[in-house]
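Each chain is listed here by its residues.
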Amino acid sequence: MTAQLIDGNALAATVRAEVAHRVQALQARDVQPHLSIILVGDNPASQVYVRSKVADSQQTGLSATLERYPAELPQAELLARIAALNADPAVHGILVQLPLPPHMDAHAVIEAIAPAKDVDGFHVASAGALMVGQPGFRPCTPYGCMRMLQSIGLHDLRGRHAVVIGRSNIVGKPMAMMLLAQNATVTVCHSGTSDLAALTRQADIVVAAVGKRNVLTADMVKPGAVVIDVGMNRDDAGKLCGDVDFAGVRQVASWITPVPGGVGPMTRAMLLVNTIEAAERAAA
Ligand code: GUN
């Protein structure tokens, strides 16, 4: 069997079109949805990410501003700026790009964002809402993965076993919660899990989110399984690759997400979904 590709670029375009439609509906009510992005310091990767977040927003009709501050910015000043954005009714979403400079406490900064504007879904209130099944904002990467599963007809996951490899606060843990909410049976593993292959071989759905190449190889995958690759690594030739041995696993799985062109574009698209959702809630 050769797996079919879940095309993240194509699905993200569909999601962006849905967002653009919702933006127009709000604009018709004289509400301009707005995302405020804060970048502290000059991390090169972060600069690329924030620029694409602004461009993505504007492409769908959302307005977005990027505020840049020097790496030496005192944390108190950042917190004061966040407080001002929290209080500004024209701002619907606030995103502080990570990583922050070492003198800052990223957790304290994220907790300063009003939960109603936490479009990254990183606030404890957002994590708590997800855990107890209340509306909140979902972290964009796992949210995008769920949308990818939906796109291939996997809505209710009752009777299916999902194995998540990786336990980060922004991918693995929320991913597990979202899969549970769709009634999947969920196993969360990590790099220290013994006999990982014995677990992944039972899985109908495998989500690999470790940040290491070849975490999932063909021998670890049940024939017909669906494989979602969250990884973003470089191979020996410097080419972008995921956590999954794509060429091998593709021969075993029924569906697989490519890297690039898989989860990455969906993560970006789901930020737009969260932002329009924040604006709609504020306008309700
Ligand atoms: N740095 C890398 N990915 C992300 C993200 O999704 N959100 C924020 N705020 N920072 C990041």
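Here the structure is a predicted model, which means the values were calculated and not measured.

### Side note on the pairing of strand β6 (residues 185-189)
Looking at chain direction, strand β5 (residues 161-165) and β6 are connected through 5 bridges and run parallel. Paired with H161 across the strands is T185, a residue of β6. Considered for its hand, the β-α-β crossover made up of β5, helix α7 (residues 172-181) and β6 is right-handed.

### Examining the nonpolar core
Among the nonpolar cores identified, the biggest contains 52 residues, and V19, L149, L179, I205, V226, I228 and V230 are the most heavily contacted of them. Top element by residues in this core is helix α10 (residues 263-283). It accounts for 10 residues. With residues up to four places along the chain from it excluded, the contact list for V230 reads T141, C145, V171, V207, A208, A209 and V263. With 20 residues, the next largest nonpolar core counts V163, A203, A208 and V249 among its residues.

### Some remarks on the site of the ligand
In the vicinity of the ligand, the contacting residues are K53, L95, V96, Q97, L98, D120 and F122. Q97 places a polar side-chain atom, nitrogen or oxygen, 3.1 Å from a nitrogen atom of the ligand. One of the backbone nitrogen or oxygen atoms of L98 is found 2.9 Å away from a nitrogen atom of the ligand. For the ligand, the accessible surface in isolation is 280 Å², of which the surrounding protein chains cover 75%.

### Some thoughts on the sheet that holds β5
The strand order β1-β11-β8-β7-β5-β6 describes an open sheet built from 6 strands, whose pairing is parallel. Edge positions in the sheet fall to β1 (4-5) and β6, since each of these pairs with one other strand and no more. Here β5 runs beside strand β7 (residues 205-208); their pairing, made up of 4 bridges, is parallel. Residue pairing in the sheet places V164 in a bridge with V207 of β7.

### Notes on the environment of Q75
Checked against the element boundaries, Q75 lands in helix α3 (residues 75-87). The spatial distance from the C-alpha of Q75 to the C-alpha of A284 is 33 Å, given a sequence separation of 209 residues. Other than its neighbours up to four places away in sequence, Q75 contacts H103, M104, D105, A108 and V109.

### Remarks on unusual backbone geometry
Here L98 and P99 are connected by a cis peptide whose omega angle stands at 0°. Looking at where P99 falls in the secondary structure, it is placed in the loop between β4 (93-96) and α4 (106-112). A cis amide bond, omega 0°, links V259 with the succeeding residue P260. As for its position among the elements, P260 is in the loop between β11 (255-256) and α10. Notably, N183 is not glycine yet its phi reads approximately 75°, a positive angle. Within the secondary structure layout, N183 lies in the loop between α7 and β6. Phi at N214 takes a positive value of approximately 55°, unusual for a residue other than glycine. Tracing the backbone shows N214 in the loop between β7 and β8 (226-229). Judged by its relative accessible area of 42%, N214 is partly exposed.

Procedures and definitions
Residues numbered from 1 in each chain as written. Predicted model: local features only at pLDDT ≥ 70, side-chain atom pairs only at ≥ 80, totals over all residues. Heavy atoms only, no water. Pairing = 2+ DSSP bridges. Helix = DSSP H or I, 4+ residues; strand = E, 2+ residues; numbered from the N terminus. Right-handed = clockwise from strand over helix to strand, strands pointing away. Core = buried A, V, L, I, M, F, W, Y, C linked by side-chain atoms within 4.5 Å. Buried < 20%, exposed > 50% of the residue type's maximum accessible area, 1.4 Å probe, protein only. Contact = heavy atoms within 4.5 Å. Near = heavy atom within 4 Å. Polar contact = N/O pair within 3.5 Å; in protein donor to acceptor, adjacent residues only side chain to side chain. Areas by Shrake-Rupley, 256 points an atom, 1.4 Å probe, with all protein chains shown as cover.

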